[in-house]
Every structure is written in structure tokens, then in C-alpha cells.
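# Summary of structural features
Here are the chains, one letter per residue:
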Amino acid sequence: MPVKPKSSPIYRRILLKLSGEALMGSADYGIDPEVIGRMADEILEARKLGSEIGVVIGGGNIFRGAGLAEAGMDRVTGDHMGMLATVMNALAMQDALEKRGGFARVMSAIQIHDVCEDFIRRRAIRHLEKGRIVLFAGGTGNPFFTTDSAAALRAVEVGANLLLKATKVDGVYSADPKKKKDAKRFEHVSYEEVIARNLKVMDTAAIALCRDHHLPLRIYDMTRPGNLMRILKGEQIGTLVGDTH
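Residues numbered from 1 in each chain as written. Predicted model: local features only at pLDDT ≥ 70, side-chain atom pairs only at ≥ 80, totals over all residues. Heavy atoms only, no water.

### Structural notes on the overall build of the chain
Secondary structure summary: the chain contains eight helices and eleven strands in total. Seen along its three principal axes, the alpha-carbon backbone of the chain occupies a region of about 55 × 40 × 35 Å. The 245 residues of the chain split such that 49% are buried. When the accessible surface of the chain is totalled, it reaches about 12300 Å², and 51% of it is carbon and sulfur. Between the mean site of the 35 positive side-chain charges and the mean site of the 30 negative ones, the chain shows a separation of 5 Å. (Helix = DSSP H or I, 4+ residues; strand = E, 2+ residues; numbered from the N terminus. Buried < 20%, exposed > 50% of the residue type's maximum accessible area, 1.4 Å probe, protein only. Areas by Shrake-Rupley, 256 points an atom, 1.4 Å probe, with all protein chains shown as cover. Lys, Arg positive; Asp, Glu negative; His and termini not counted. Charge placed at Lys NZ, Arg CZ, Asp CG, Glu CD.)

Below you can see the structure in the form of C-alpha cells.
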């Protein structure tokens, strides 16, 4: 008999990683209010289920440090601009959540006291315990580190039980499914295999951090409404990256 999904979350605390590009919708850049609104609805629905939720949003819809560096800009300057872009996205998500009756706090790795709080680990945990959604902005606060690494770092720091990466594909494949029709989708893959096969799940630093702290990572399709809730209730959506035993 199939396992009946639980009505309460199986994960007490999660960290959700959203790409900045996901906020664009069908636009070329910026934030699509309809898309961010739908994401906010799903996050609040998951919060009502009982999970404590932290969120890291990238800044690629506004600026991407590595891309700016390729165009000739100083890499550190470009990365700092990218960090500021993540603050803008986090503020937009905070607004969307609060307009829907949620409680959210933006905590930045770079100091911008007039618009958000500094990231302080104990304070972040306290916000989560009080039921607030915590939006971690500013990356790690350091250049040369991606928001994937920031997501893994914050997940470990606040003691998350699961790191979720929301994407536009339904999991991890052996090759690009758009280019190879015979590409295999993995239900479960180890950290080591992701690194060894360069499966482009997250950057290597993020995967290594998850591996070293035995933090499970699930890659799933965020474009399908309800997937976040399904995962929290125990359904095997997307691909699980983690220990194989």
C-alpha cells in the first residue's frame, strides 16, 4: 500500500533557496509581482503547516557579480553589487509576505541598518522559533561566494533539517534534459556523485558544506503549484541529494 502523506510537516525547520531569476517570470529582468506573490502564498501555506522557514534569494534578476566581472568589472565590486541585489529581492519578498498577513524579517550579511537587520545567528533562530519567516540577504557577506553557498551556510547555522533548492526543472539529471532526451533523472544521489560528475546542482562549496554536516538537499520544480507542501508532508518530489545509507 502507498504511504499516506502526513498532515503535519516532517521537517521542523527548512531553508528554501530561490534563484533571483525565478522572480522575473517571463520578463527579461526585475521582479514580476504575480510570481513573487505566488511564491509568498506557498511559503505562508508551508508556515501554517508548522514548519519554521528561512529563505535565501539570489540576485541574478538584477545583478550577477560573476557576469559583471566577465564584462570587465572588478569581481569584488561586482559581487558587492550582487549582494545588494539580494537585499532588494528579500525586501520585495518581505513586502509580499506581510501583505498576505505573514510575519517576516530580512537579515543581511552586510550592514544596511536603515532597511533591515544584521544577520546574527541567535537572533535568526529566535525569529524562526517565534514563527517568523527569515529572509537571509547579502549572501555570505564575502565576494567569490555564491548565494548557493550562503543558503547551505545559513541552513547549517540555524540547524535546518532540510535545504530546498527551487528550480525550473523537476530534479537532477545525468545530463541536460533539454539537450539529451535520454537523460536520466535521479530520485536520490550522493553528495560525492554530484561533485564527481559535476551535476550542476549547486556549486561545489555548497555541496561540500551539506555533505560535511549531513544536511539533506532536495531539488524540486517550483513552477508546479503545491510542490513545497507536498515535500513537507513527505512526498518524494524532485531529487534528494544526501547520504546513501
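### Some remarks on the sheet that holds strand S5 (residues 133–137)
In space, the nine strands of this open sheet follow the order S4-S3-S5-S2-S1-S6-S10-S11-S9, with mixed pairing throughout. The two strands at the open ends of the sheet, each matched to only one other strand, are strand S4 (117–118) and strand S9 (188–189). Where strand S3 (residues 104–108) and S4 come together, two bridges link them in parallel fashion. Residue pairing in the sheet places Met107 in a bridge with Glu117 of S4. Along the sheet, helix H1 (residues 33–49) makes contact with strand S1 (13–18), strand S2 (52–57) and S5, crossing S2 at roughly 155°. Strand contacts of helix H5 (residues 147–157): S1, S2, S5 and strand S6 (162–167), with the helix running at about 175° to S1, the strand carrying the most contacts. (Pairing = 2+ DSSP bridges. Contact = heavy atoms within 4.5 Å. Axes fitted to C-alpha atoms, helices over the stretch in contact; angles between N-to-C directions.)

### Overview of the environment of Thr77
On the secondary structure map, Thr77 appears in helix H3 (residues 75–99). You can call Thr77 partly exposed: its relative accessible area is 37%. In sequence terms Thr77 and Gly65 are twelve residues apart; their C-alpha atoms lie 7.7 Å from each other.

### Here we look at the packing of H5 against helix H7 (residues 204–212)
Where H5 contacts H7, the axes come no closer than 7 Å and their chain directions differ by 15°. In terms of orientation, H5 lies roughly parallel with respect to H7. Two packed elements cross with a definite hand, and for H5 against H7 that hand is left-handed. Together, Asp148, Ser149, Ala152, Leu153 and Val156 of H5 and Ala205, Ala206, Leu209 and Cys210 of H7 make up the contact between the two elements. Considered class by class, the residues forming the contact of H5 with H7 number seven nonpolar, one polar and one charged. (Parallel < 35°, antiparallel > 145°, perpendicular 65-115°, else oblique. Left-handed = near helix turned anticlockwise from the far one by under 90°. Nonpolar A, V, L, I, M, F, W, Y, C, P; charged D, E, K, R; others polar.)

### With respect to the pairing of S3
S3 sits mainly inside the fold: four of its five residues count as buried. In this sheet, S5 lies alongside S3 in parallel orientation, the contact comprising five bridges. Bridge assignment links Ser108 to a residue of S5, and that residue is Ala137.

### So, the nonpolar core
Counting 38 residues, the largest nonpolar core has Val55, Met93, Leu97, Leu135 and Tyr220 as the members making the most contacts within it. Of all the secondary-structure elements, those providing two or more residues to this core are S1, H1, S2, H3, S3, S5, S6 and helix H8 (227–232). Ranked by residue count, the leading element in this core is H1, at eight residues. Discounting residues that sit within four places of it in the chain, Tyr220 has contacts with Leu16, Leu164, Lys165, Ala166, Thr167, Val169, Asn227, Leu228, Ile231, Ile237 and Gly238. (Core = buried A, V, L, I, M, F, W, Y, C linked by side-chain atoms within 4.5 Å.)

### Looking at the confidence of the model for the chain
For the chain, the mean per-residue pLDDT works out to 91, and 96% of the residues sit at or above 70. Scored below 50 in pLDDT, residues 1–5 shows two contacts in the model against residues more than four places distant or in partner chains. (pLDDT = per-residue confidence, 0-100.)

### Details of the packing of aromatic side chains
Going through the model one piece at a time under the given rule, you end up with one aromatic pair. Summarising the aromatic geometry, the rings of Phe119 and Phe136 are spaced 5.7 Å apart at their centres and angled 75° between planes, so their arrangement reads as edge-to-face. With Phe119 in the loop between S4 and helix H4 (121–129) and Phe136 in strand S5, this pair connects stretches of sequence that are 17 residues apart. For the residue pair Phe119 and Phe136, the accessibility class agrees, reading buried in each case. If you follow Arg154 out to its NZ or CZ, it ends over the ring of Phe119, 3.8 Å from the centre. (Phe/Tyr/Trp six-rings, centres within 6.5 Å; stacked < 30°, edge-to-face > 60°. Lys NZ or Arg CZ within 6 Å of the ring centre and 35° of its normal.)

### Observations regarding the side chain of Arg13
Tracing the backbone through its elements, the reader meets Arg13 in strand S1. Reaching out from Arg13, the side chain makes a polar contact with the backbone oxygen of Val158 at a distance of 2.6 Å. Not counting residues up to four positions away in its chain, the partners in contact with Arg13 are Glu52, Ile125, Leu128, Glu129, Val158, Gly159, Ala160, Asn161 and Leu162. (Polar contact = N/O pair within 3.5 Å; in protein donor to acceptor, adjacent residues only side chain to side chain.)

### Side note on the environment of Ala85
Structurally, the position occupied by Ala85 is in helix H3. According to the relative accessible area criterion, Ala85 is buried, its value standing at 1%. When sequence neighbours within four positions are dropped, the list of residues in contact with Ala85 reads Gly59, Ile62 and Phe63.

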